[in-house]
Amino acid sequence: MNVIDIECTAAELPGAWSSLLLWQGGDTGVKVLRMDGRPMEPESHDTAEVLLVVDGALQLVAGGIEVEVRAGELYVVEAGVEHAVRPGSQGTLVIIEHFANAA
């Protein structure tokens, strides 16, 4: 496996909130994206996902609770929990997720 510079890769993405799959092993994937301060609509998933902030901060509401995840911290959103990105989230985010329908 090659070394991936997460921050440089995120900076090269065509737009904010446009994720790039960095690696997939079986039914688990690692994605990177750039946050630009805009909020995102609430969503939930059939499986848990890990949100790792590389730089900046993620403002999140998960299960009705407001959470700030700062650089170097991660947050696990459990399966089925509705979560939404709040305004002011900026920086680089890595998402580790399970693909429920992976072959």
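Going by the structure above, here's the rest.
Calculation criteria
- Residues numbered from 1 in each chain as written.
- Predicted model: local features only at pLDDT ≥ 70, side-chain atom pairs only at ≥ 80, totals over all residues.
- Heavy atoms only, no water.
- Helix = DSSP H or I, 4+ residues; strand = E, 2+ residues; numbered from the N terminus.
- Buried < 20%, exposed > 50% of the residue type's maximum accessible area, 1.4 Å probe, protein only.
- Areas by Shrake-Rupley, 256 points an atom, 1.4 Å probe, with all protein chains shown as cover.
- Lys, Arg positive; Asp, Glu negative; His and termini not counted.
- Charge placed at Lys NZ, Arg CZ, Asp CG, Glu CD.
- Pairing = 2+ DSSP bridges.
- Core = buried A, V, L, I, M, F, W, Y, C linked by side-chain atoms within 4.5 Å.
- Contact = heavy atoms within 4.5 Å.
- Polar contact = N/O pair within 3.5 Å; in protein donor to acceptor, adjacent residues only side chain to side chain.
- Salt bridge = Lys/Arg side-chain N within 4 Å of Asp/Glu carboxyl O.

Some details on the overall build of the protein
If you tally the helices and strands in the protein, you get one helix and seven strands. Secondary structure elements in the protein, listed N-terminal to C-terminal, are α-β-β-β-β-β-β-β. Reported as C-alpha extents along the three principal axes, the dimensions of the protein are approximately 40 × 30 × 25 Å. Counting only residues that meet the buried cut, the protein has 35% of its 103 residues in that class. A total accessible area of about 6,000 Å² is found for the protein, and carbon and sulfur atoms account for 51% of it. A gap of 6 Å separates the mean positions of the 5 positive and 16 negative side-chain charges of the protein.

Brief notes about the pairing of strand β1 (residues 20-25)
Pairing of β1 with strand β2 (residues 28-36) involves five bridges; the strand directions are antiparallel. By the bridge assignment for β2, Leu21 is matched with Lys31. Connecting β1 to the next strand, β2, in antiparallel fashion are two residues, including Gly26 with a positive phi near 65 degrees.

Some remarks on the nonpolar core
Where a protein is soluble and globular, its nonpolar side chains tend to be buried together. Counting residues in each nonpolar core, the largest one holds 15 residues, and the members touching the most others are Trp17, Leu33, Met35, Leu51, Leu58, Leu60 and Leu93. Only β2, β3 (49-62), β4 (65-70) and β7 (90-98) provide two or more residues apiece to this core. With five residues, β3 is the single largest residue contributor to this core. Those residues in contact with Leu93, other than ones at most four positions away along the chain, are Lys31, Val32, Leu33, Met35, Leu51, Leu52, Val53 and Leu58. Grouped together as the second largest cluster of nonpolar side chains are five residues, Ala10, Leu22, Val32 and Val94 included.

Some remarks on unusual backbone geometry
Its identity is not glycine, yet Trp17 carries a phi of approximately 65 degrees, on the positive side. With respect to the secondary-structure elements, Trp17 resides in the loop between α1 (6-11) and β1. A residue is classified by how much of its surface remains accessible, and Trp17, at 17% relative accessible area, is buried.

Side note on the side chain of Thr92
For Thr92, the position within the fold is in strand β7. A polar contact of 2.7 Å, which involves the side chain of Thr92, links it to the side chain of Asp55. The contact partners of Thr92, leaving out residues within four places of it in the chain, are Ile6, Glu7, Ala10, Val32, Leu33, Met35, Leu52, Val53, Val54 and Asp55.

Some details on the pattern of salt bridges
This model, assessed by the stated rule, comprises three salt bridges. A salt bridge links Arg38 to Asp36, with the shortest nitrogen-to-oxygen separation between them at 2.8 Å. According to the relative accessible area criterion, Arg38 is partly exposed, its value standing at 44%. The partly exposed category is assigned to Asp36, whose relative accessible area is 32%. Glu73 serves as the salt-bridge partner of Arg70, at 3.2 Å between the closest nitrogen and oxygen. Using a relative accessible area of 46% as the deciding quantity, one classes Arg70 as partly exposed.

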